[in-house]
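Architecture and fold: a report
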Amino acid sequence: MVAPTHAEQGCLIYDLYESEWPGKFYFYELWASRRDLHRHAASSHFQRLLQALPEFAVGSLEVTFLNKLNL
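Residues numbered from 1 in each chain as written. Predicted model: local features only at pLDDT ≥ 70, side-chain atom pairs only at ≥ 80, totals over all residues. Heavy atoms only, no water.

Taken together, the side chains of Tyr 17, Tyr 26, Tyr 28 and Leu 66 define a hydrophobic patch exposed on the protein surface, amounting to about 480 Å² of accessible area. Among the structural elements, Tyr 17 can be located in strand 1 (residues 11-18). On the basis of relative accessibility, which here comes to 45%, the residue Tyr 17 falls in the partly exposed class. (Patch = residues over 30% accessible without salt bridge, like charges linked within 9 Å, V, L, I, M, F, W, Y side chains within 5 Å. Areas by Shrake-Rupley, 256 points an atom, 1.4 Å probe, with all protein chains shown as cover. Salt bridge = Lys/Arg side-chain N within 4 Å of Asp/Glu carboxyl O. Helix = DSSP H or I, 4+ residues; strand = E, 2+ residues; numbered from the N terminus. Buried < 20%, exposed > 50% of the residue type's maximum accessible area, 1.4 Å probe, protein only.)

In this section: the environment of Leu 61. If you trace the backbone, Leu 61 turns up in the segment after helix 3 (44-52). Considered as a pair, Leu 61 and Leu 50 are 11 residues apart in the sequence and their alpha carbons are 8.1 Å apart. The contact partners of Leu 61, leaving out residues within four places of it in the chain, are Phe 46, Leu 50 and Leu 53. (Contact = heavy atoms within 4.5 Å.)

Moving on, we come to the pattern of salt bridges. For the coordinates displayed, the defined rule picks out one salt bridge. The closest approach of N and O atoms between Arg 39 and Asp 36, which form a salt bridge, is 2.6 Å. Of this pair, Arg 39 and Asp 36 both sit in helix 2 (residues 34-41), separated by three residues, roughly a single helical turn. Residue Asp 36 is classed as buried on the basis of its relative accessible area of 6%.

What follows deals with the layout of surface pockets. Estimated volume of the largest pocket: approximately 1400 Å³. Lining of the largest pocket is provided by 30 residues; of these, Phe 27, Glu 29, Glu 62, Val 63 and Thr 64 occupy positions nearest its centre. The set of elements that each furnish at least two residues to the lining of the largest pocket consists of strand 1, strand 2 (25-31), helix 2 and helix 3. Partitioning the lining of the largest pocket into residue classes produces 19 nonpolar, seven polar and four charged. (1 Å grid on protein atoms, 1.4 Å probe; cavity = no way out; pocket = protein on both sides within 12 Å on 5 of 7 lines; lining within 4 Å. Points joined across faces, edges and corners; volume = space filled by probe spheres on them. Nonpolar A, V, L, I, M, F, W, Y, C, P; charged D, E, K, R; others polar.)

By the bridge criterion, seven bridges tie strand 1 to strand 2 in an arrangement that is antiparallel. From the neighbouring strand, Glu 18 faces strand 2, where its bridge partner is Phe 25. Counting the residues that bridge the hairpin from strand 1 to strand 2 gives six residues, and of these Gly 23 lies at a positive phi of roughly 90°. (Pairing = 2+ DSSP bridges.)

Our focus in this paragraph is helix 3. Along helix 3, the residues classified as buried are His 45, Phe 46, Leu 49 and Ala 52. The buried side chains of helix 3 occupy one side of the element, clustering within an arc of 120° when seen end-on. The elements touched by buried residues of helix 3 are helix 1 (2-6), strand 2 and helix 2. (Arc of directions from axis to C-beta.)

Right, dumping it as structure tokens:
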């Protein structure tokens, strides 16, 4: 996922992290626009990830959008 996603238009940051609890992973992503993010979600490599999630006993994919605070 990481290498092909880095090559996508609008990908500014795309990193994979593992929690201190083994087996719990997080993607941290930053996209130039929502349009670029939606294009990523439609990509073949992202769709393959969604299909493979049950093999890893992942019940669902949770997406959280964050808004940067400029203080």
